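# Structural description and commentary
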Amino acid sequence: MEAAAISASNIVKSFGSKRVLDGISFTVRRGQIFGLLGPSGAGKTTLIKILTGQLDRNAGTAEINGLDADKLTGEDNKKFGIMMDNFGIYERLNCYENLKIFAEIYGVKKDGILNALKKVGLENAKKTSAAKLSKGMRSRLRLARVFMIDPDILFLDEPTSGLDPATADEIHKIMLAEKGKGKTIFLTTHTMSEAEKLCNDIVMINEGKIVEHGSPQEICRRYNHQRMLKIHLSDGSDIQFPHNENASDKVAELIKNGRAETIHTTEPNLETVFMELTGKELAV
Amino acid sequence: MKNIKAVFMKQILDTIKNKTVFIQFLMFPIIAVIMENAVKIEDMPEHFFAKLFAVMFIGMSPLSCMSAIISEEKEKNTLRALMMSSVKPWQYLVSVGAYIFIMCMVGMSVFAVLCEHKGKALTIFIFCTAFGIILSELAGAAIGIFSKNQMAATSLTLPIMMIFSFSPMLSMFNETIKKIAGITYLQQISNILNGIVMSEISAKSVVIIAANFAVGLVLFTAAYKKKGLE
């Protein structure tokens, strides 16, 4: 059987007396976009660092391509790309020069650099100094650094954090295109719409623990009790009640009395599920 | 080798656009050329300014460049990106160190020309200045590694650099300073450069420079063990 792209089993990590990851286990299949969702400080970046061998864990196992994350060699590192939100860019160098440094390390030719710039829409900014790039362009340059090496597995840590919706959408398209080519993407985000749109499978973590795991659709189905009927009444007020077997009588009565103007259903989404599980909003 | 070449290339590209670092390589040789040609005082030792600024150059440029480059990369998280791209800490340090060493040796060639060294004197000059540059780089690397950011690095580099670099000059005017400065590698390099026409290096100088190197190595190792390169 082919090894999973990424697997984590009972990972525990503490900083001093503070336990930031507590028994994290999951498997990421090849060719899927896996989402790790959680509010800021939930332990997402720490988990990426452990999975990519940047940080030691206190217990558990972490594997990439069937290899222990602790024993990854320089050559192994070249098989996956990491884009961390805080990875720096050489401000004084232009976009092309920024990529050229890493191209030299990974043995990527000039065409590879230009293709990566084109892929993220920076081909016209190749001679622009990194200091002059907008936040969105800087994110794209970081992505180009990862795409340039054409890895099988991509770790993307909050790639659209702080970006405007149009730029975020462009980055989503790039990610979906990479998935289409069979790449595995490990995505951390605190934007539920992003996870719903892109991910095949997600894990929600809160305070270092997994609170839910599954596909976005499965998770939402599990919380079907959150489905509500929202009715706008003729007097301008709104009423809301659970969308269950008793709802039809209430709706029929309101319609019969001529009081119901519009009827909407509200479905559970990852945000409301997370709220129910933790009492917190995801986008914190 | 590929990784070392990549970091070296990065350093060349970056320094050309980094005036703060680039000026460090040019400032002392230019000042020395100007002073040697513009100031002529009776009874002044031969090539006084060239030898004086050569020692200052050894004490200041490698130290400040090394600490500035490392601390900036740490602060801006570019170092982390390099480390995650399979560049090992020693490869990074060797690349940056080699780059600064070459740039400083190019600067030192100006001093060698100004001092009109030839033959054995030139060999001693090259050997002493090269070793001095490596020692200053070691101190700069220790500061860069120990410091959290550029601001912290500058606040440590500046006093250390001033004390080491100015003590050979101040020791000309004060016996107490001369005695204290005698235990530093820069004072010993200054002594060697000033007596270079005799083509001799005293055993005392060699021992003191070696001891300074050992102390530098210990400080560097301690900083690396405590903070690492990221």
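The rules we used
- Residues numbered from 1 in each chain as written.
- Chains lettered and ligands numbered in written order.
- Predicted model: local features only at pLDDT ≥ 70, side-chain atom pairs only at ≥ 80, totals over all residues.
- Contact = placed C-beta atoms within 7 Å.
- Helix = DSSP H or I, 4+ residues; strand = E, 2+ residues; numbered from the N terminus.
- Nonpolar A, V, L, I, M, F, W, Y, C, P; charged D, E, K, R; others polar.
- Pairing = 2+ DSSP bridges.
- Axes fitted to C-alpha atoms, helices over the stretch in contact; angles between N-to-C directions.
- Buried ≥ 20, exposed ≤ 12 C-beta atoms within 10 Å, placed from the backbone.
- pLDDT = per-residue confidence, 0-100.
- Parallel < 35°, antiparallel > 145°, perpendicular 65-115°, else oblique.
- Left-handed = near helix turned anticlockwise from the far one by under 90°.

### Focus on the interface of chain A and chain B
With 17 residues of chain A in contact, the opposing surface of chain B contributes 19 residues. Where the side of chain A that touches chain B is concerned, the elements lending two or more residues are α2 (74–77) and α3 (95–106) of chain A. Of all the elements, α3(A) adds the most residues to the side of chain A that touches chain B, at five residues. Residues of the side of chain A that touches chain B, tallied by class, amount to seven nonpolar, six polar and four charged.

### Thoughts on the sheet that holds strand β13 (residues 260–266) of chain A
The strands making up a sheet associate through backbone hydrogen bonding, with each pair oriented either parallel or antiparallel. Residue and element names in this part refer to chain A. The three strands are arranged β12-β11-β13 in an open sheet whose pairing can be described as antiparallel. On the outer flanks of this sheet lie β12 (238–242) and β13, each paired with one strand and no other. Sheet twist, expressed as the average angle between the axes of neighbouring strands with direction ignored, equals 20°. Pairing geometry for strand β11 (residues 228–233) and β13, over six bridges, is antiparallel. Across the sheet, the residue bridging to Leu229 is Thr265, located in β13. Packed onto the sheet, helix α9 (residues 247–256) meets β11, β12 and β13 and runs at close to 155° relative to β13.

### Notes on the pairing of strand β7 (residues 153–157) of chain A
Regular strands place side chains that alternate from one sheet face to the opposite one. Residue and element names in this part refer to chain A. Most of β7 sits out of view: five of its five residues are buried. Bridge count between strand β6 (residues 80–83) and β7: four bridges; the pairing is parallel. Across the sheet, the residue bridging to Gly81 is Leu154, located in β7. Where β7 meets strand β8 (residues 184–189), five bridges bridge the pair, whose relative direction is parallel. Paired with Ile153 across the bridge in β8 is Thr184.

### So, the confidence of the model for chain B
All names here are of chain B. Mean pLDDT over chain B: 85, with 97% of residues reaching 70 or higher. Summarising per-element confidence for chain B, the mean pLDDT is lowest in helix α8 (residues 175–181) (81) and highest in helix α5 (residues 89–114) (91). In the model output, the complex is listed with pTM 0.80 alongside ipTM 0.81.

### Comments concerning the packing of helix α6 (residues 119–146) of chain B against helix α9 (residues 185–194) of chain B
Residue and element names in this part refer to chain B. Contact pair α6 / α9: the axes reach a minimum separation of 10 Å and the direction vectors enclose 170°. Classified by the interaxial angle, the pair formed by α6 and α9 is roughly antiparallel. On α9, the residues that touch Ile124, Phe125, Cys128, Gly132 and Leu135 of α6 are Tyr185, Leu186, Ile189, Ile192 and Leu193.

### So, α9(A)
Two residues of an α-helix separated by three or four positions point the same way, owing to the 3.6 residues in each turn. With zero of 10 residues buried, α9(A) lies mostly on the surface of the structure. Of the residues flanking the end of α9(A), it is A:Gly258, one or two places downstream, whose phi is positive at about 75°.

### Comments concerning unusual backbone geometry
The phi dihedral of A:Asn65 falls on the positive side, at around 50°, and the residue is not glycine. Along the polypeptide, A:Asn65 turns up in the loop between β4 (59–64) and β5 (67–68).

### Here we look at the packing of α9(B) against helix α10 (residues 203–227) of chain B
All names here are of chain B. Packing of α9 against α10 leaves a shortest axis separation of 9 Å and a crossing angle of 150°. In terms of axis orientation, α9 runs roughly antiparallel to α10. Read as a crossing pair, α9 and α10 show a hand that is left-handed. Residues Tyr185, Gln188, Asn191 and Ile192 of α9 form the contact with α10, whose participating residues are Ser205, Ile208, Ile209 and Asn212.

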